[in-house]
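The lines below spell out each chain.
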Number of protein chains: 2
Amino acid sequence: MSKIDFFFNPKSVAIIGATSNPKKFGNTVTANILSNNNLKSEIFLISNRSQIIRGLRTYKSISDVKIDVELAILLVPASYVPKIIEECIQKRVKGIIINSAGFGEINEEGKKIEQKIVKRCKEAGIRVIGPNCVGIQNVPNGLNASFIQTPPQGNISMITQSGSFGVACLYEMRQNHLGCAKFTNLGNQIDISFNNILSFYKNDTQTKVICIYSETIANGKSFYNKIREVTPIKPVIVLKGGRTKMGMSAANSHTGSMASNYKIMKAAIHQGGALVCENMYDYITALKAYSFLPLPDGEKIGVLTNSGGSAVLFSDYMEKFGFQLADFSPSLKINLQKHLISLVKLVNPLDMIAGANEEQYYQVTKAMLEDDNIDIVVACTVIPPFLDMKSDEHLNGIIKAWNETQRKKPLIPLFLFGHAFEALKVLSEKEKLPLFMIPREAAHATKYLIERMRFLNSLESSS
Amino acid sequence: MSKIDFFFNPKSVAIIGATSNPKKFGNTVTANILSNNNLKSEIFLISNRSQIIRGLRTYKSISDVKIDVELAILLVPASYVPKIIEECIQKRVKGIIINSAGFGEINEEGKKIEQKIVKRCKEAGIRVIGPNCVGIQNVPNGLNASFIQTPPQGNISMITQSGSFGVACLYEMRQNHLGCAKFTNLGNQIDISFNNILSFYKNDTQTKVICIYSETIANGKSFYNKIREVTPIKPVIVLKGGRTKMGMSAANSHTGSMASNYKIMKAAIHQGGALVCENMYDYITALKAYSFLPLPDGEKIGVLTNSGGSAVLFSDYMEKFGFQLADFSPSLKINLQKHLISLVKLVNPLDMIAGANEEQYYQVTKAMLEDDNIDIVVACTVIPPFLDMKSDEHLNGIIKAWNETQRKKPLIPLFLFGHAFEALKVLSEKEKLPLFMIPREAAHATKYLIERMRFLNSLESSS
């Protein structure tokens with residue numbers, strides 16, 4: 001069991017600052033933690049006013065709880081925190097999450113209080129997440145120890161320095177029906193850092209993909225070594241804020257520490273096998289690629305389309321990235337021709353023209369997925385606003401082909417601005433596959449899969 | 001009146017290849033053109049089978065129509081087109097749109113037929129759009145001479161070489177409640193080119209913003225001169241497909257001509273005052289900025305936020321672009337302080353922390369919009385998933401402030417992945433303002449506005 005398992009699978013939790021006032025975070029966290037049937041932890045509510053909250057009796061102090069408490073969540077104003085910390089030390093808790101703001105991120109005095117807290121907890125062998133954070137979640141196990149909503153369950157685990165970034169990212173993940181395994185908002189990270197959580201996620205069987213948003217990395221060398229340790233096992237995606245002086249200065253007034261040199265960090269993280277994304281679109285694209293798709297066995301790309309423009313823009317990216325479109329073999333051409341009208345040229349990208357329907361998408365996608373000379377299939381579509389076509393028929397054809405080939409090869413469905421169509425969203429959610437909305441996105445998804453394959457191959461060949 | 005006004009405001013139109021078969025484009029175009037109450041043109045349906053379609057009698061040939069026909073739309077198979085062209089010449093139409101595919105984009109024989117058509121029409125003084133195109137639209141005047149749906153009305157006019165790109169772009173414009181004035185799909189552009197349509201849009205009072213998707217530019221020098229002529233009057237946004245050999249080769253099999261050298265073209269177009277976008281996200285971002293927002297009077301940027309991470313990422317872009325965040329004046333600080341909690345540092349970006357509500361967004365946005373030292377206001381928000389906040393309250397506050405200052409300054413609302421919230425979409429559509437979804441997008445909108453202002457200023461100072 002990991003050294004910090006008590007944060008994510010605590011036997012018992014005390015919420016210090018629990019309240020029935022809906023305007024307070026202490027209420028939101030209480031409601032969240034009590035909302036899940038699956039949670040195995042015993043919960044204790046601590047409130048300085050004696051009261052019943054949601055049917056649970058409350059304790060004036062954590063000291064009044066008779067059994068051991070593993071995890072304490074602090075939701076009291078900053079000025080009360082040092083006193084509460086002493087009570088937690090007395091109680092011998094294993095971990096503390098300090099949600100409260102008003103520490104190092106606002107002034108020097110706050111930084112000093114942080115230092116005192118760290119010193120006292122270190123002496124007592126207690127680990128601390130925060131302060132100034134929204135909390136953590138272990139979705140499959142039903143732990144929502146945060147004041148944000150519980151996301152849908154899935155295989156992605158996130159570490160974010162900024163709470164608001166984490167919240168926004170979870171919104172977008174939900175839009176793309178990407179699910180969450182673990183969520184950690186580090187806040188001012190006075191003790192628990194990216195490295196600790198990375199170690200935990202590395203060994204977490206519910207985590208397939210790890211994503212990070214960081215503004216400040218305290219110890220670059222050790223972070224790099226940790227990345228190198230994790231990436232052979234799981235893909236790690238990093239988005240870095242505070243890349244510039246102006247961004248650093250904004251970061252400084254926000255989570256209370258200075259950002260490090262971006263270029264050096266970026267090179268080191270890339271060297272360590274992680275993917276560094278420059279913006280949120282690429283970040284979500286990478287999540288979609290790694291969460292939903294298998295890695296390819298090779299680099300030969302087959303493209304089909306009903307939309308010339310999208311294939312042109314996609315092909316531009318392939319050349320920019322130095323990738324090759326597969327040459328169609330004579331036998332594949334014969335196979336394809338059976339399903340296509342005579343206006344269609346049998347070249348890659350295969351432009352089947354706007355009239356291509358579900359059956360053609362099915363047959364052509366399947367022919368490419370079954371072809372030994374093609375490793376990745378990119379199926380481009382613009383939903384034709386004419387001839388009474390169903391908006392999800394192309395996707396239906398593509399999915400049928402993918403399922404019948406056991407989803408062995410990565411399939412990249414590019415639906416140009418397809419989020420205008422509810423039916424596409426419903427179908428892709430039901431069938432658990434990603435949709436990519438512009439050529440740039442489909443091209444980057446292809447790139448991320450190939451790069452990950454290359455990275456894993458390089459490890460094999462050097463071992 | 002423009003030389004090609006008969007395409008967009010024809011007194012009379014013949015649809016050649018009209019049919020009541022819903023599986024044929026001839027039916028879709030007929031339905032589209034007859035669907036709008038506002039259309040002032042007289043419509044004639046030409047069908048080789050004598051029949052009644054949608055209550056209109058049909059003619060066997062355009063020659064049978066007794067009055068003058070200005071515009072002919074050809075929806076017959078490619079092999080019939082040359083014969084129909086001769087009939088149109090006899091009838092002395094002014095313009096022809098050839099929707100039919102199967103010409104230069106498929107083979108050499110098709111190219112030869114194109115050349116014959118051009119020669120014959122040139123001799124007769126007839127202008128041709130297409131072939132291989134979805135058609136054109138004049139939305140405010142009710143003309144849908146295409147087989148695609150009619151988009152909402154607005155101030156953007158599009159020229160696209162690829163029909164599918166145009167369709168996808170219209171989908172996304174609708175998602176962002178961006179409206180369309182004119183739409184032109186050039187297809188193989190054997191006669192009417194970007195330049196002709198640019199001239200027309202330049203003088204069109206219903207067009208505020210012009211956007212272009214091109215794969216091939218026949219005459220670079222003349223295109224550049226045309227761009228230079230239009231950009232002092234209206235912003236022109238260009239997305240280029242076929243930037244690479246691989247993309248060119250895809251373009252070649254799609255609209256039948258070779259793409260030109262991207263770098264040279266990009267530099268020339270930029271020099272001419274147009275905006276060249278590298279991907280569809282940036283392209284839509286530019287449309288949102290120019291269609292909805294006024295230009296700034298200066299370059300001083302004020303940022304407010306409830307979300308540290310978004311302000312950090314936004315600030316990174318500002319430094320990358322070489323822009324300055326405004327220094328808050330002492331009087332502005334005094335004004336701001338009245339509305340904020342004490343944890344908030346009075347620096348730019350102003351991080352009001354997650355609890356900031358509608359009233360604070362209203363007061364702070366208004367204070368910045370009214371401040372002489374701020375030219376552009378960027379309001380960042382992550383919708384807090386706690387404390388029972390309404391998802392549209394921040395936007396309500398921002399809009400109120402913008403409206404009360406007569407929308408004189410550009411306001412950039414950044415709602416981190418806000419498209420998860422229906423209420424935001426409804427409100428922004430009703431109030432006619434754009435939403436930007438990630439820091440990159442808000443930063444690029446800021447950049448596009450400043451660059452346009454600089455360009456117009458440079459014209460003034462050199463004249």
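### Some points on the relation of the copies chain B and chain A
In screw terms, the move from chain B to chain A is a rotation of 180° and a rise of 0.0 Å along the axis, fitting with an RMSD of 0.0 Å. Such values leave the two copies arranged in the relation of a two-fold axis. Judged by C-alpha distance, tyrosine 281 of chain B is the residue of chain B that lies nearest the rotation axis, at 4.7 Å.

### Description of the packing of aromatic side chains
By the definition in use, this model includes 29 aromatic pairs over all chains. Ring plane angle 65° and centroid distance 6.0 Å describe the contact between phenylalanine 321 of chain A and phenylalanine 323 of chain A, whose orientation is recorded as edge-to-face. The pair phenylalanine 321 of chain A / phenylalanine 323 of chain A is uniform in exposure class, with both members buried. Relative to tyrosine 213 of chain B, the ring of phenylalanine 165 of chain B lies with its centre 4.2 Å away and its plane at 20°, an arrangement referred to as stacked. Within this pair, whereas phenylalanine 165 of chain B is found in helix α5 (residues 163-175), its partner tyrosine 213 of chain B is found in strand β12 (residues 209-214), the two being separated by 48 residues in sequence. Both residues of the pair, phenylalanine 165 of chain B and tyrosine 213 of chain B, belong to the buried class. Just above the ring of phenylalanine 321 of chain A sits the side chain of lysine 447 of chain A; from NZ or CZ to the centre is 5.2 Å.

### Notes on the interface of chain B and chain A
Interface size is commonly expressed as the accessible surface area that is lost when the partners come together. Counting residues at the interface gives 79 residues for chain B, matched by 79 residues for chain A. Of the roughly 6,300 Å² buried at the junction of chain B and chain A (both faces included), carbon and sulfur atoms supply 69%. The interface formed by chain B and chain A includes zero salt bridges. There are 20 residue pairs in polar contact (both at pLDDT 80 or more) connecting chain B and chain A. Counting residues per element, the ones that place at least two in the side of chain B that touches chain A are α2 (25-33), α5, β13 (236-240), α8 (245-255), α10 (280-292), α11 (308-321) and α16 (439-462) of chain B. With 10 residues, the top contributor of residues to the side of chain B that touches chain A is α11 of chain B. Grouping the constituent residues of the side of chain B that touches chain A by class yields 43 nonpolar, 20 polar and 16 charged.

### Focus on helix α4 (residues 108-124) of chain A
Side chains three or four residues apart in an α-helix point the same way, a direct result of the helix having 3.6 residues per turn. Residue and element names in this part refer to chain A. In this model, α4 (17 residues) spans 25 Å end to end at C-alpha, consistent with the 24 Å of a helix rising 1.5 Å per residue. The set of residues buried in α4 consists of Gly110, Glu114, Ile117 and Cys121. Seen from one end, α4 has its buried residues packed into an arc of 65°, which puts them on one side. Summarising the geometry of α4, the exposed residues directed more than 90 degrees from the buried face are Glu108, Glu109, Lys112, Gln115, Lys116, Lys119, Lys122 and Glu123. Among the structural elements, α3 (81-91), β6 (95-98) and β7 (127-129) are those in contact with the buried residues of α4. N-cap assignment for α4: the residue whose side-chain oxygen lies 3.4 Å from the backbone N of glutamate 109 is asparagine 107. Looking one or two residues beyond α4, the residue adopting positive phi is glycine 125, at roughly 70°.

### Description of the confidence of the model for chain A
Summarising the model, chain A shows a mean pLDDT of 93, and 97% of its residues fall at 70 or more. Among the prediction metrics, the complex's ipTM stands at 0.92, with pTM recorded as 0.94.

### A closer look at the pattern of salt bridges
Residue and element names in this part refer to chain A. A full pass over the atoms with the stated rule returns 40 salt bridges over all chains. One salt bridge in this structure joins lysine 266 and glutamate 278, with 2.5 Å as the shortest N-O distance. With lysine 266 in helix α9 (residues 262-271) and glutamate 278 in the loop between β14 (275-277) and α10 (280-292), the pair connects residues that are 12 residues apart, well separated along the chain. Close ionic contact of aspartate 375 with lysine 300 constitutes a salt bridge, the shortest N to O distance being 3.4 Å. In this pair, aspartate 375 is assigned in the loop between α13 (358-369) and β17 (376-381) and lysine 300 in the loop between α10 and β15 (301-305), connecting sequence segments 75 residues apart. Look at aspartate 375 and you get buried, because its relative accessible area is 9%.

### As for the sheet that holds β12 of chain B
Residue and element names in this part refer to chain B. One open sheet holds the seven strands; their spatial order is β9-β8-β11-β10-β12-β13-β14, and the pairing between them is mixed. Each having just a single partner strand, β9 (143-146) and β14 (275-277) make up the two edges of the open sheet. Adjacent strand axes in the sheet meet at a mean angle of 20°, parallel and antiparallel pairs treated alike. Of the pairings in the sheet, the one linking strand β8 (residues 135-138) to strand β11 (residues 180-185) comprises three bridges and is antiparallel in character. Opposite asparagine 138, over in β11, you have lysine 182 as the bridge partner.

### A short note on the side chain of threonine 285 of chain B
All names here are of chain B. By the secondary structure assignment, threonine 285 is in helix α10. Classification of threonine 285 by relative accessible area gives buried; the value is 1%. Leaving out residues up to four positions away in the same chain, threonine 285 has contacts with Phe436, Glu441, His444, Ala445 and Tyr448.

### Overview of the packing of α5 of chain B against α10 of chain B
Residues and elements named next belong to chain B. Interhelical geometry of α5 versus α10 gives an angle of 55° and a closest axis separation of 11 Å. The angle between α5 and α10 falls in the class oblique. The element α5 and its partner α10 pack so that their crossing is right-handed. Contact residues: Phe165, Cys169, Glu172 and Met173 in α5; Met280, Tyr283, Ile284 and Leu287 in α10. Partitioned by chemical class, the residues of the contact of α5 with α10 number seven nonpolar, no polar and one charged.

### As for the pairing of strand β17 (residues 376-381) of chain B
Residues and elements named next belong to chain B. For β17, the tally of buried residues reaches six of six residues, placing the bulk of the element in the interior. Residues Ile376, Val378 and Cys380 line one face of β17 and the alternating positions Val377, Ala379 and Thr381 line the opposite face, and both faces are buried. Where strand β15 (residues 301-305) lies against β17, five bridges are found, and the strand directions are parallel. Opposite leucine 304, over in β17, you have alanine 379 as the bridge partner. Across five bridges, the pairing between β17 and strand β18 (residues 411-415) is parallel. By the bridge assignment, alanine 379 is partnered in β18 with proline 413.

Rules behind the numbers
Residues numbered from 1 in each chain as written. Chains lettered and ligands numbered in written order. Predicted model: local features only at pLDDT ≥ 70, side-chain atom pairs only at ≥ 80, totals over all residues. Heavy atoms only, no water. Least-squares fit on C-alpha atoms with pLDDT ≥ 70 in both. Phe/Tyr/Trp six-rings, centres within 6.5 Å; stacked < 30°, edge-to-face > 60°. Buried < 20%, exposed > 50% of the residue type's maximum accessible area, 1.4 Å probe, protein only. Helix = DSSP H or I, 4+ residues; strand = E, 2+ residues; numbered from the N terminus. Lys NZ or Arg CZ within 6 Å of the ring centre and 35° of its normal. Contact = heavy atoms within 4.5 Å. Buried area = accessible area lost by both parts, 1.4 Å probe. Salt bridge = Lys/Arg side-chain N within 4 Å of Asp/Glu carboxyl O. Polar contact = N/O pair within 3.5 Å; in protein donor to acceptor, adjacent residues only side chain to side chain. Nonpolar A, V, L, I, M, F, W, Y, C, P; charged D, E, K, R; others polar. Expected span 1.5 Å × (residues − 1). Arc of directions from axis to C-beta. pLDDT = per-residue confidence, 0-100. Pairing = 2+ DSSP bridges. Axes fitted to C-alpha atoms, helices over the stretch in contact; angles between N-to-C directions. Parallel < 35°, antiparallel > 145°, perpendicular 65-115°, else oblique. Left-handed = near helix turned anticlockwise from the far one by under 90°.

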